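# Observations on chain architecture
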Amino acid sequence: MPILLLSTRDPDYHPNKRLLEAGAEAGCKVLLLHPKDMISNIRKSGLHMELNGRKTPGHVIMPRLGATISDSVMVHLRHLELMGIPMVNDSW
């Protein structure tokens, strides 16, 4: 199952780099995503979230945002929780 690492920092930021390395060592696919790349869509088939243009099912999300978190990102995280997507750190 892919792990989605949600961070405002780049892959060279030491904590992100270590998480990406640890995931690879464990045999997991870890994707690094900036919150600005999150898009909510409402369609006739229902409400869903897209990340980089792809639907999110099957991901575990690991938010690593710290002080950089904004209200809009919190809305997205809460939305993902309500969709039943597992998170390492919940929105609360």
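None of these values were measured; they are calculated from a predicted model.

A few words on the side chain of N16. Residue position: N16 is located in helix 1 (residues 14-25). There is a polar contact of 3.1 Å between the side chain of N16 and the side chain of S7. Polar contacts involving the side chain of N16 include one to the main-chain carbonyl oxygen of D10, which spans 3.3 Å.

Across the sheet, three strands lie side by side as 2-1-6; this open sheet has parallel pairing. The open sheet has two edge strands with one neighbour each: strand 2 (30-33) and strand 6 (60-63). Geometrically, the sheet is characterised by an average inter-axis angle of 25 degrees between neighbouring strands, direction not taken into account. Summarising the sheet, strand 1 (residues 3-6) and strand 2 pair through four bridges and their orientation is parallel. If you follow L6 over to strand 2, its bridge partner there is L33. Strand contacts of helix 1: strand 1, strand 2 and strand 6, with the helix running at about 155 degrees to strand 2, the strand carrying the most contacts.

Quick look at helix 2 (residues 71-82) now. Taking 1.5 Å per residue as the helical rise, helix 2 with its twelve residues ought to reach 16 Å, and the 16 Å between its terminal C-alpha atoms agrees with that figure. Of all the positions in helix 2, only V73, H76, L77, H79, L80 and E81 are classed as buried. Once helix 2 ends, the next one or two residues include G84, with phi positive near 85 degrees.

The next subject is the pairing of strand 1. Of the crossover connections in this fold, the one passing from strand 1 over helix 1 to the parallel strand 2 is right-handed. Two strands pair when backbone bridges link them, and strand 1 and strand 6 are joined in this way by four bridges, in the parallel orientation. Bridging across to strand 6, L6 finds its partner in P63.

Here is what the cut-offs are and how they apply
- Residues numbered from 1 in each chain as written.
- Predicted model: local features only at pLDDT ≥ 70, side-chain atom pairs only at ≥ 80, totals over all residues.
- Heavy atoms only, no water.
- Helix = DSSP H or I, 4+ residues; strand = E, 2+ residues; numbered from the N terminus.
- Polar contact = N/O pair within 3.5 Å; in protein donor to acceptor, adjacent residues only side chain to side chain.
- Pairing = 2+ DSSP bridges.
- Axes fitted to C-alpha atoms, helices over the stretch in contact; angles between N-to-C directions.
- Contact = heavy atoms within 4.5 Å.
- Expected span 1.5 Å × (residues − 1).
- Buried < 20%, exposed > 50% of the residue type's maximum accessible area, 1.4 Å probe, protein only.
- Right-handed = clockwise from strand over helix to strand, strands pointing away.

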